[in-house]
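Structural overview
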Amino acid sequence: MVYKTLVSAAELMARPEGANWAVVDCRFDLGDPAAGRRAYHEGHIPGAIYLDLEAHLSGPVSERSGRHPLPDPDALARCLGERGINQSVQVVAYDAGNGAFASRLWWLLHWLGHDRAALLDGGLTAWLAAGGSLSTDVPESEAREFKPGLRPYLSVATRDIDLESDHDLLLDARSAQRFSGELEPIDPVAGHIPGAINLPFEGNLGPDGRFLPPEQLKARFEGALAGRRPAEVVHYCGSGVTACHNLLAMEHADLAGSRLYVGSWSEWIRDERHPIATGEQPLSASAKQPG
C-alpha cells in the first residue's frame, strides 16, 4: 500500500519488518533553530533520520527571497539519496505534533516527483500516546540514487501573484492575529496580501492534534473556495512552510491541484511597491464567488 497523505501511528508500528520505508524527523523551532536536532539526539522514533528545515529543506536566503526559499532540487535529491531515499521508498515525515514542519518535507517530495510520502498523523505526540518507543541511535543508510522528476507547476513565484486578476484565490495559513496585522512576531511588516482569505493551518486539526476526517476538511476548504477549482488556489504563510499543511489537508480531502507561493509573506514584503492589507477579513470573504 502506498501512503500519499497521512499514516497513523498504528500503521507505522505495523509496517512489515524490512519494509522499504524511511522515517524522517523534521522537528524544528523557529526561535531556536538548533532545538530540533537536539531533540532528535535526545530521542526519536527508532530508525528515523533527521532533516533540518534550514540546512536541508530550504535554500540560501537572499535580499529578495523569503525566509525559507526552495532548496536546489538536485542538492535536495542528493541529500535524500545519501540517506537511502529514492522514489521506491515510502517516506513518513513527522515533527513534534501538528505537522507544521513535516508538511514542508511532504510537499518538497511531491515537488521532486516522489509520491510515496506521508505525514505521521499527530506526529511524535501520537507515536508516544500509542506506546511507541524512542531511540538515540543514529541509523546508517545505504545510499541510493534519487532522480528528481521536478514538478515546477506546483509552486508560484512572486511575479505570478496578480492582484488584478480573479483567477487565483490566495489562502493564508497564518494565525488570525498575524493575518490582521494585530500581531507579527517574526516578520518586520504586519498584515496580509490584499484579497487573501485566512484559513489558519491549525484548523485542519482536531483536539487530539490529528487531522480532521477528509469530509470535514473538504467542507472547510470548499467553504473558502466557494465554487473555485483547487487548481485556482494558491497557499501562502510566513515563509512557505505552514502553508504546506493546508496543501496536504486539501490533498487528503480529495481536493488535489492547489499550489504553493514559496516566498510567501516574508518575500512579498521585500518589495515596498507591493500593497499590504490589514484588519480582519470580511465576513463575506469565504463566500466570495469566482469572477
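Residues numbered from 1 in each chain as written. Predicted model: local features only at pLDDT ≥ 70, side-chain atom pairs only at ≥ 80, totals over all residues. Heavy atoms only, no water.

Digging into the overall build of the protein chain
- Check the secondary structure of the protein chain and you find 9 helices and 10 strands.
- Each of the three principal axes of the protein chain carries a C-alpha extent, and together these read 55 × 40 × 35 Å.
- Expressed as a percentage of the 291 residues in the protein chain, the buried residues total 53%.
- Entry remark: accessible area of the protein chain is about 13000 Å², with carbon and sulfur atoms responsible for 50%. (Helix = DSSP H or I, 4+ residues; strand = E, 2+ residues; numbered from the N terminus. Buried < 20%, exposed > 50% of the residue type's maximum accessible area, 1.4 Å probe, protein only. Areas by Shrake-Rupley, 256 points an atom, 1.4 Å probe, with all protein chains shown as cover.)

Quick look at the environment of Leu-212
- Among the secondary structure elements, Leu-212 is positioned in the loop between β8 (197-198) and α7 (214-225).
- Judged by its relative accessible area of 17%, Leu-212 falls in the buried class.

Digging into the sheet that holds strand β1 (residues 6-7)
- Ordered by their spatial adjacency, 5 strands build an open sheet running β1-β5-β4-β2-β3, and the pairing between neighbours is parallel. The two strands at the open ends of the sheet, each matched to only one other strand, are β1 and β3 (49-50).
- Sheet topology places β1 next to strand β5 (residues 117-120); 2 bridges connect them, and they run parallel. Note on β5: the bridge partner recorded for Val-7 is Leu-120. (Pairing = 2+ DSSP bridges.)

Focus: helix α8 (residues 243-252)
- Of all 10 residues in α8, 8 are buried; the element is thus mostly enclosed.
- Listed in full, the buried residues belonging to α8 are Ala-243, Cys-244, His-245, Asn-246, Leu-247, Leu-248, Ala-249 and Met-250.
- For α8, the secondary structure elements touched by its buried residues are β1, α4 (102-111), β5, α7, β9 (233-236) and β10 (259-261).
- Positive phi appears at Asp-254, one or two residues downstream of α8, with a value of about 65 degrees. (Contact = heavy atoms within 4.5 Å.)

So, the pattern of salt bridges
- Going through the model one piece at a time under the given rule, you end up with 14 salt bridges.
- Measuring nitrogen to oxygen at the nearest pair gives 3.6 Å for the salt bridge that ties Glu-184 to Arg-174. Of this pair, Glu-184 sits in the loop between α6 (176-180) and β8 while Arg-174 sits in the loop between β7 (169-172) and α6, and the two are 10 residues apart along the sequence. The two residues Glu-184 and Arg-174 agree in class, both being buried.
- Among the ionic pairs, Arg-178 bridges to Asp-187, the shortest N-O distance being 3.4 Å. In terms of burial, Arg-178 and Asp-187 fall into one category: buried.
- Members of the salt-bridge network, linked through shared partners, are Arg-67, Asp-172, Arg-174, Arg-178, Glu-184 and Asp-187. (Salt bridge = Lys/Arg side-chain N within 4 Å of Asp/Glu carboxyl O.)

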